[in-house]
Amino acid sequence: MANSKYEYVKSFEVEDEIMFPNLIVVRVGGRHFQRFSEVHEFEKPNDEKALKLMSLCATFVLQEYPDIVFSFGFSDEYSFVFKQTTKFYQRRASKVASIIVSFFTSVYVTKWKEFFPEKELKYPPSFHARPIVCASLEVLQEYLAWRQQHCHITNQHNTCLWELVKSGKTEKEALDILKGTQKQERNELLFQQFGINYRTLPQMFRQGSCALKTEVEDIVKYSENGTPIKRMRKDPTTVHSKNIAGRSFWNEHQSLLKELGVFTKDVGKINSDYIRSFLFESKLMASTWIVIRIDGCHFHRFSEVHDFEKPNDEQALNLMNSCAVAVLQEFPDVVFSYGVSDEYSFVLKKDSQFCQRKASNIVSIVVSFFTSMYVMNWKAFFPQKELKYCPAFDGRAVCYPSTEILRDYLAWRQVDCHINNQYNTCFWMLVKSGKSKSEAQRTLKGTQAQEKKEMLAWFGIDDYNALPAMFRQGSSVFQDGTVPDENGAACYKVIVEHCNIIEQSFWEEHPGILE
């Protein structure tokens, strides 16, 4: 990070580390997926293709993150269990949850066409995520039993509901019929009225789906005499079981025993209130500005794989800007955002009650929606480039108590933008002139701003300030007046500007942003 007088704002960041020996679970759930399923005409009560898409996303998550050893999901939710000794991103709750939900979202959008070739994504799907802190293996066991029980109860209810609707009942009438019914009554209703034996329905509907890692033998190469050289690798596999929290299922999988431990007894009666007490949730301080800052995960590699222009790829930056615009259009409580390179900061108004100011919900939803837009908009900005793998972002929430401190935070980010861009412009000019990357780094080590300006002059850049403002000053996204929507109603116009937000003049010209 660049050093500046604004660096003090980092002191407002709060650590949210999940301490050992707690087990970490991240639960991902669809945001407004009832509407999403209706708009995209999912089959009721279960759309097999939609469930298989969710299952594929879970499998990809296990492939991408070796510290995740087990997952369980149904409908529009998945729970991911980390190994006991994980140090994944140093166990910071916000970073762990945001990365998982971002990558999950990225896979969901990327793989949509494989499962729904005839259906266009009509709007970006998004998910929320929350960490669950399990104090012991017994708590994890009970948590898994609770989620599978919820899967069964929900599926049984929904199967009855939609059979009644298909028979001619209204949805309200069907809900009234089912109100207060017990498991056995619902089973009898299905069998007697519709000839359905609930136990014969697909396991995926009744029991949910698990993904775990099994060891398989892999031929890595052949010796000179043709003998195969083999090694073991861990591959995710999807399984179904009527009792994922039972000893008989858990203890037969060596990967679970090794990374998490042995279930010593089966779960009796499930106390859901007890399990909810382990849901990791922190509310952000009232009457403070909330900033959600997102950063690309391993975007140095991502930019190389996708041949981004150095030191700045205008299309890549405009893609990021388009996602930021979409965030402001989707979430009215976001009043301003500032972005540079692969990062964006989103400012929520001081009195925002978005997600009841629950940190994990706010961060995960914004990160997920941003990721969804990034993948969906990729082709608009890179029509000749295929997305070679799924991008992901991480996020965090920070509260700033005053407008002055918030502006200092934004100033810090813009100062950082300037210093990093000046350095990177010099660096890539040196590399393009024939120096190696290490030689370029040594040349720039310890240089000051004036020296870098003189260096740029050697390469024909006499005036650094003549470079595109977006590269030097980053991008500011905010509401500016109103425009009519497709129905003629007034809606906020969101614009992107590349300007100096450190100076007072910008805020005087736009007094409504931080009012």
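Rules used in this analysis
- Sequence order sets the numbering: in each chain, residues are counted from 1 along the sequence as written.
- Where local features are concerned, this predicted model is filtered to residues with pLDDT of at least 70; where side-chain atom pairs are given and counted, the filter is 80 or more; whole-chain, interface and lining totals use all residues.
- Side-chain figures throughout are based on the complete set of non-hydrogen atoms in the structure, without hydrogens or water.
- UniProt positions are given in the numbering used here, feature names are shortened, and annotations may be inferred rather than shown by experiment.
- Every helix listed is a DSSP run of H or I at least four residues long, and every strand listed is a run of E at least two residues long, numbered separately from the N terminus.
- Throughout, the radius of gyration refers to the C-alpha atoms, and the reference size of a globule is 2.2 Å times the residue count to the power 0.38.
- Remark: exposure states derive from per-residue accessible area (1.4 Å probe, protein chains only) relative to the maximum for the residue type, with buried under 20%, exposed over 50%, and partly exposed in between.
- The method behind every accessible area is Shrake-Rupley, applied with a 1.4 Å probe, and residues are considered shielded solely by the protein chains displayed.
- For this count, His and the chain ends are skipped, Lys and Arg are scored as positive, and Asp and Glu as negative.
- For the purpose of locating charges, the reference atoms are NZ of Lys, CZ of Arg, CG of Asp and CD of Glu.
- By nonpolar core we mean a set of buried residues, namely Ala, Val, Leu, Ile, Met, Phe, Trp, Tyr and Cys, connected to one another through side-chain atoms within 4.5 Å.
- Note on ring pairs: Phe, Tyr and Trp rings are taken, using the six-membered ring of Trp, and paired if centres are within 6.5 Å. Classes follow the plane angle, with under 30 degrees stacked, over 60 edge-to-face and the rest tilted.
- Computed over the protein atoms alone on a 1 Å grid, cavities are sets of points where a 1.4 Å probe fits but cannot get out and pockets are open sets with protein on both sides within 12 Å along at least five of seven lines; a residue lines them when it has an atom within 4 Å of a point.
- Grid points are joined across faces, edges and corners, and a volume is the space filled by probe spheres set on the points.
- The nonpolar class holds Ala, Val, Leu, Ile, Met, Phe, Trp, Tyr, Cys and Pro. Asp, Glu, Lys and Arg form the charged class, and all remaining residues, Gly among them, are polar.
- Any two strands with at least two DSSP bridges between them are considered paired.
- Between the N-to-C directions of two axes lies an angle of 0 to 180 degrees, each axis being a line fitted to C-alpha atoms and, for a helix, fitted only over the stretch in contact.
- Pairs of residues are marked as contacts when any of their non-hydrogen atoms sit within 4.5 Å.
- Salt bridge, as used here, is a side-chain nitrogen of Lys or Arg placed within 4 Å of a carboxyl oxygen of Asp or Glu.
- The length a helix should cover is 1.5 Å for every residue beyond the first.
- We call two N or O atoms a polar contact when they sit within 3.5 Å, provided that within protein one can donate a hydrogen and the other can accept it, with sequence-adjacent residues counted only if both atoms are side-chain atoms.

Named according to an unreviewed UniProt entry, the protein chain is tRNA(His) guanylyltransferase originating from Salix viminalis. The heading Subcellular location (unreviewed entry) in the UniProt record of the protein chain holds the text "Nucleus, Nucleoplasm".

Let us now look at the overall build of the protein chain. Check the secondary structure of the protein chain and you find 18 helices and twelve strands. Over its C-alpha atoms the protein chain spans a radius of gyration of 26 Å, differing by no more than 12% from the 24 Å that the globule rule assigns to 515 residues. The dimensions of the protein chain, computed from C-alpha atoms along their principal axes, are 85 × 75 × 45 Å. Each of the 515 residues in the protein chain was classed as buried or not, and the buried ones make up 52%. Total accessible area on the protein chain is roughly 25,100 Å²; 49% of this is exposed by carbon and sulfur atoms. Mean positive and mean negative side-chain charge positions of the protein chain (62 and 64 charges, respectively) differ by 5 Å.

This brings us to the nonpolar core. Core analysis: the biggest nonpolar cluster contains 44 residues, and Val 26, Val 28, Tyr 65, Phe 80, Ile 100, Phe 104 and Tyr 108 have the highest contact counts within it. Listed by contribution, the elements that provide at least two residues to this core are β1 (23–30), α1 (33–39), α2 (48–64), β3 (77–82), α3 (93–115) and β4 (127–134). If one sorts the elements of this core by residue count, α3 sits on top with 13 residues. In terms of nonpolar packing, the next biggest core, distinct from the first, is built from 40 residues, Val 334, Cys 355, Tyr 374 and Val 494 among them.

Mapped onto this numbering, the UniProt entry annotates "domain: Thg1 C-terminal" (unreviewed entry) at residues 139–224 and 405–480. Helix and strand shares over residues 405–480 are 67% and 8% respectively, and the end C-alpha atoms of the span are 23 Å apart.

Before going further, it helps to examine the UniProt feature "domain: tRNAHis guanylyltransferase catalytic" (unreviewed entry) in the protein chain. The UniProt feature table records "domain: tRNAHis guanylyltransferase catalytic" (unreviewed entry) at residues 6–133 and 273–401. What you have in residues 6–133 is 37% helix and 22% strand, and the ends, taken at the C-alpha atoms, are 35 Å apart.

Time to look at the packing of aromatic side chains. Aromatic ring pairs are reported here in terms of the distance separating the ring centres and the angle at which the planes meet. Tallied over the full model, the rule gives 53 aromatic pairs. An angle of 70° between the planes, with centres 6.0 Å apart, marks the rings of Phe 33 and Tyr 108 as edge-to-face. In this pair, Phe 33 is assigned in helix α1 and Tyr 108 in helix α3, connecting sequence segments 75 residues apart. Note on Phe 33: relative accessible area 8%, which makes it buried. Note on Tyr 108: relative accessible area 1%, which makes it buried. Consider the rings of Phe 42 and Phe 116, whose centres lie 5.5 Å apart with planes at 10°: the pair is stacked. Of the two residues, Phe 42 is situated in the loop between α1 and α2 and Phe 116 in the loop between α3 and β4; the sequence distance between them amounts to 74 residues. By relative accessible area, Phe 116 is classed as buried at 4%. Chaining the aromatic ring pairs together yields one cluster made of Phe 33, Phe 36, Phe 42, Tyr 78, Phe 80, Phe 104, Tyr 108, Trp 112, Phe 116, Tyr 123 and Phe 127.

One number sums up the size of the largest pocket: a volume of about 930 Å³. If you trace the largest pocket, you find 33 residues lining it, with Pro 311, Val 340, Ser 341, Asp 342 and Asn 424 closest to the centre. Elements with a minimum of two residues in the lining of the largest pocket: β7 (289–296), α11 (299–305), α12 (314–330), α14 (403–432) and α17 (469–473). In terms of residue count, the dominant contributor to the lining of the largest pocket is α14 (nine residues). By residue class, the composition of the lining of the largest pocket is 15 nonpolar, nine polar and nine charged. In this structure, the second largest pocket spans a volume of roughly 800 Å³. Lining the second largest pocket are 30 residues; nearest its centre among them are Pro 45, Ser 75, Asp 76, Thr 154 and Asn 158. At eight residues, the largest contribution of residues to the lining of the second largest pocket is made by helix α4 (residues 137–166).

Strand order in the open sheet made by the six strands is β10-β7-β9-β8-β11-β12, with antiparallel pairing throughout. Lying at the two open borders of the sheet, with one neighbouring strand each, are β10 (393–400) and β12 (490–497). The average angle at which neighbouring strand axes cross in this sheet is 25°, direction not considered. This element, α14, spans β7, β8 (334–340), β9 (343–348) and β10 of the sheet and lies at about 20° to β7.

Along the chain, Pro 332 falls in the loop between α12 and β8. Given a relative accessible area of 59%, Pro 332 falls into the exposed group. Spatially, the C-alpha atoms of Pro 332 and Leu 348 are 8.7 Å apart, while their sequence positions differ by 16 residues.

In total, this model carries 18 salt bridges according to the counting rule given. One salt bridge in this structure joins Asp 333 and Lys 349, with 3.5 Å as the shortest N-O distance. Taken together, the positions of Asp 333 in the loop between α12 and β8 and Lys 349 in the loop between β9 and α13 (359–381) put the pair 16 residues apart, joining distant regions of the chain. Overall, the relative accessible area of 16% leaves Asp 333 in the buried class. Given a relative accessible area of 31%, Lys 349 falls into the partly exposed group. Salt bridges sharing partners connect three or more residues here, namely Arg 293, Asp 295, Glu 343, Arg 413 and Asp 416.

Moving on, we come to α12. Counting along an α-helix, one turn takes 3.6 residues, and residues three or four places apart therefore face a common direction. Taking 1.5 Å as the rise per residue, α12 with 17 residues should run 24 Å; its terminal C-alpha atoms sit 24 Å apart, in good agreement. Taken across its 17 residues, α12 has twelve buried, putting it largely inside the fold. One side-chain oxygen at the N-terminal end of α12 lies 3.1 Å from the backbone nitrogen of Gln 315; it belongs to Asp 313.

Let's shift gears to the side chain of Gln 148. Of note, Gln 148 is situated in helix α4. For Gln 148, a relative accessible area of 7% translates into the label buried.

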